[in-house]
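# Results of the structural survey
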Amino acid sequence: MKTIIEPFRIKSVEPIYVNTPAERAEILSKAHYNLFRVAARDVLIDLLTDSGTSAMSSEQWAGMMRGDESYAGSESFFRFEKTIQDITGLPIVIPTHQGRASEKILFSILGGKGKYFLSNTLFDTTRANIEYSGAEGIDLLCEAGKHPTVPAPFKGNMDTTTLESFIKEKGASHIPLCVLTVTNNSGGGQPVSMENIREVSRICKENRVPMFIDACRFAENAWFIKQREPGYANRSIGDIVREMFSYADGCTMSAKKDAFANIGGFLAMRDSELAMDCRNLLVITEGFPTYGGLAGRDLEAIAIGLREVMDEQYLQYRIRSMEYLTEKLMAAGVPVMQPAGGHAVYLDAAAFLPHIPASELPGQALACALYLEGGVRSVEIGTLMFGKYDANGHTVPAQMELVRMAVPRRVYTQSHIDYVAEVVIEVFQKRDNIKGLRIIEESALLRHFTAKLAPIDNK
Ligand SMILES: *Cc1c(COP(=O)(O)O)cnc(C)c1O
């Protein structure tokens, strides 16, 4: 087997400004040990997120020039609509400016006090929009998904036994919607099997609960199905995608993920009454139904990106990048989530830095160490992001201490990924010298974005 190459060449480049460890120490200190406070130009390899950070293709840029900016009924909208109808089989398409705008509209209509939304795992903005409506979001992840370093093929699956018993217990009339997130972003980018999608759909139909797919990484999920699920090896990605959506009543989408766009999203569905309510809200929050918060040129870029993302050469390279990095790290003994997810590699910071207790933020300490060592920016998904305080002001730690290295689409090459592996391994070899952090300033909500921290010196 030959090396799997990046199936593209580079037409336009952006500089990476190289800095030294001493300069980065200064930058990190000025940023109060919070990588969200570091300027992008001070980062060598930016793995903060895969959202909105994709490189667009020459076709997408050409499409941008073709964008029809008419207020109503633009050509670009019709191309956007037809593409999504073709790919998903969902007849009604409503553009929005990004994923959470779709969620805001959907859950404003379906949500409210006393209601439950069931999911494998709700993404943060999805959960936030559900809770903002007064409803409750319930994650019913399968057991395999709860053990980061134990491999299994479909760790994003929903636990269908608990799904059935939950619907029985609370009554379907209190459950307006079930949301399957593919791949499961908050659960490590792990895929959901076709069998699970089919079974969740069957249970939902039996109980008359509609089922939507949070489709941000639908193509990456389809690739995993093709690779790992019996009976799908010879099916095309387009075919698999179509089958995935055939079980759903609709979807929410962020085009900042699997559409290679820098902004955008949509809602798609079968129910025309629900669609009318959505469009009513759309016009007061996003815009007229044929642009919904986007420029015509964005609609073009998304329509083209949605087809490009289903290319098998691309998906093979994409998923291989995560496996490649995971394998290199595992070979060096670094504790890493297994198997590799679709869009990111997750380090288990609790196992990486066992000498740092959760109250001293091992994930954040590790993320800072990676920046110091090689200018690699990652994000902590642990106690800084999800920790709380009890009545006595003691830290209640998050369930896991993870560091996510999300890989932007079509942006970095194999040598960049090799460099990242070298940086992580070097930090791993020096891990005993890494110190914990304490918070010196924080806000009440989403504190990880803005908190100021300082190193703890125990000696
Ligand atoms: C990014 C994301 C969203 C929200 O989309 P935005 O475009 O960031 O608003 C929703 N669900 C999942 C699974 C995501 O990854």
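Every value quoted in this text rests on a predicted model; they were computed, and no experiment measured them. (Residues numbered from 1 in each chain as written. Predicted model: local features only at pLDDT ≥ 70, side-chain atom pairs only at ≥ 80, totals over all residues. Heavy atoms only, no water.)

## Section: the layout of surface pockets
Here the second largest pocket is characterised by a volume of approximately 1400 Å³. Considering the residues around the second largest pocket, the lining is formed by 37 residues, among which Ser12, Glu14, Ala55, Arg410 and Val411 are closest to the centre. Along the lines of polarity and charge, the residues of the lining of the second largest pocket split into 18 nonpolar, 10 polar and nine charged. Here the lining of the second largest pocket gathers at least three residues from each of two domains, domain 1 (21–50 + 311–455) and domain 2 (58–308). (1 Å grid on protein atoms, 1.4 Å probe; cavity = no way out; pocket = protein on both sides within 12 Å on 5 of 7 lines; lining within 4 Å. Points joined across faces, edges and corners; volume = space filled by probe spheres on them. Nonpolar A, V, L, I, M, F, W, Y, C, P; charged D, E, K, R; others polar. Domains from an automatic or database assignment.)

## A word on the sheet that holds strand 6 (residues 211–214)
With mixed pairing, seven strands are arranged side by side in an open sheet as 2-8-7-6-5-3-4. The sheet is open, and its two edges are formed by strand 2 (92–96) and strand 4 (136–139), each paired on a single side. Each strand axis lies, on average, 20 degrees off the axis of its neighbour in the sheet, ignoring direction. Where strand 5 (residues 177–181) lies against strand 6, four bridges are found, and the strand directions are parallel. By the bridge assignment, Val179 is partnered in strand 6 with Phe212. Relative to the sheet, helix 6 (residues 160–170) contacts strand 3 (116–119), strand 4 and strand 5, its axis offset from that of strand 3 by approximately 170 degrees. (Pairing = 2+ DSSP bridges. Helix = DSSP H or I, 4+ residues; strand = E, 2+ residues; numbered from the N terminus. Axes fitted to C-alpha atoms, helices over the stretch in contact; angles between N-to-C directions. Contact = heavy atoms within 4.5 Å.)

## Some points on the pattern of salt bridges
Scanning all chains against the criterion turns up 29 salt bridges. Put simply, Arg235 and Asp239 hold a salt bridge, and the shortest N to O gap is 2.8 Å. By relative accessible area, which is 26% here, Arg235 ends up partly exposed. Of the charged contacts, one joins Glu327 and Arg320 as a salt bridge, the two residues approaching to 3.1 Å between their closest N and O atoms. Arg320 gets classed as partly exposed once you look at its relative accessible area, which sits at 23%. Via salt bridges that share partners, Asp50, Arg217, Glu220, Asp258, Arg318 and Arg409 belong to a single interconnected network. (Salt bridge = Lys/Arg side-chain N within 4 Å of Asp/Glu carboxyl O. Buried < 20%, exposed > 50% of the residue type's maximum accessible area, 1.4 Å probe, protein only.)

## Re the packing of aromatic side chains
Considering all chains together, one arrives at 13 aromatic pairs under this definition. When the ring of Phe8 is compared with that of Tyr317, the centres are 5.4 Å apart and the planes differ by 80 degrees; the resulting orientation is edge-to-face. Separated by 309 residues along the polypeptide, Phe8 in the segment before helix 1 (21–30) and Tyr317 in helix 12 (residues 312–331) bring together distant segments of the chain. Residue class for Tyr317 comes out buried when judged on its relative accessible area of 7%. (Phe/Tyr/Trp six-rings, centres within 6.5 Å; stacked < 30°, edge-to-face > 60°.)

## Topic: unusual backbone geometry
Residue Thr183 is bonded to the preceding Val182 through a cis peptide linkage, with omega at -25 degrees. Going from Gln338 to Pro339, the amide bond is cis rather than trans, its omega being -10 degrees. Mapped onto the elements of the fold, Pro339 is located in the loop between helix 12 and strand 9 (344–348). The phi dihedral of Tyr33 is positive, around 55 degrees, even though this residue is not glycine. Along the polypeptide, Tyr33 turns up in the loop between helix 1 and strand 1 (45–46). Residue Tyr33 is classed as buried on the basis of its relative accessible area of 19%. One non-glycine residue with positive phi stands out, namely Phe260, at about 55 degrees. Tracing the chain through its elements places Phe260 in the loop between strand 7 (250–254) and strand 8 (265–269).

## What to know about the site of the ligand
Taken together, 15 residues lie near the ligand, and Gln98, Arg100, Asp214, Ser254 and Lys257 sit nearest. Within the side chain of Gln98, one N or O atom sits 2.8 Å away from an oxygen atom of the ligand. Arg100 has a polar side-chain atom sitting 2.7 Å from an oxygen atom of the ligand. For the ligand, the protein covers 98% of the area, taking 380 Å² as the surface of the free molecule. Listed by contribution, the elements that provide at least two residues to the shell around the ligand are helix 4 (99–110) and helix 5 (124–132). Its residues assigned to classes, the shell around the ligand shows two nonpolar, seven polar and six charged. (Near = heavy atom within 4 Å. Polar contact = N/O pair within 3.5 Å; in protein donor to acceptor, adjacent residues only side chain to side chain. Areas by Shrake-Rupley, 256 points an atom, 1.4 Å probe, with all protein chains shown as cover.)

## A few points about the environment of Ser102
Inspection of the secondary structure assignment puts Ser102 in helix 4. The class of Ser102 is buried, set by a relative accessible area of 0%. Sequence-wise, Ser102 and Lys155 are 53 residues apart; in three dimensions their C-alpha atoms are separated by 26 Å. The contacts of Ser102, once residues within four sequence positions are left out, are Thr96, Thr252, Met253, Gly265, Phe266 and Leu267.

## Quick notes on the domain arrangement of the protein
As far as domains go, the protein holds domain 1 (21–50 + 311–455) and domain 2 (58–308). Look at where the C-alpha atoms of domain 1 and domain 2 centre, and you get two points 27 Å apart. With 22 residues of domain 1 in contact, the opposing surface of domain 2 contributes 29 residues. When domain 1 packs against domain 2, the two sides together hide about 2200 Å² of surface, and 55% of this comes from carbon and sulfur. It is Glu312, Leu315 and Arg409 that lose the most area in domain 1 upon contact with domain 2, and together they represent 24% of the buried surface on that side. Inspection of the domain 1/domain 2 interface yields six salt bridges. (Buried area = accessible area lost by both parts, 1.4 Å probe.)

## Digging into the state of the cysteines
Taken as a whole, this structure holds zero disulfides when the rule is applied. The cysteine Cys142 is free of any disulfide, with Cys178 supplying the nearest cysteine sulfur at 14 Å. (Disulfide = S-S within 2.5 Å.)

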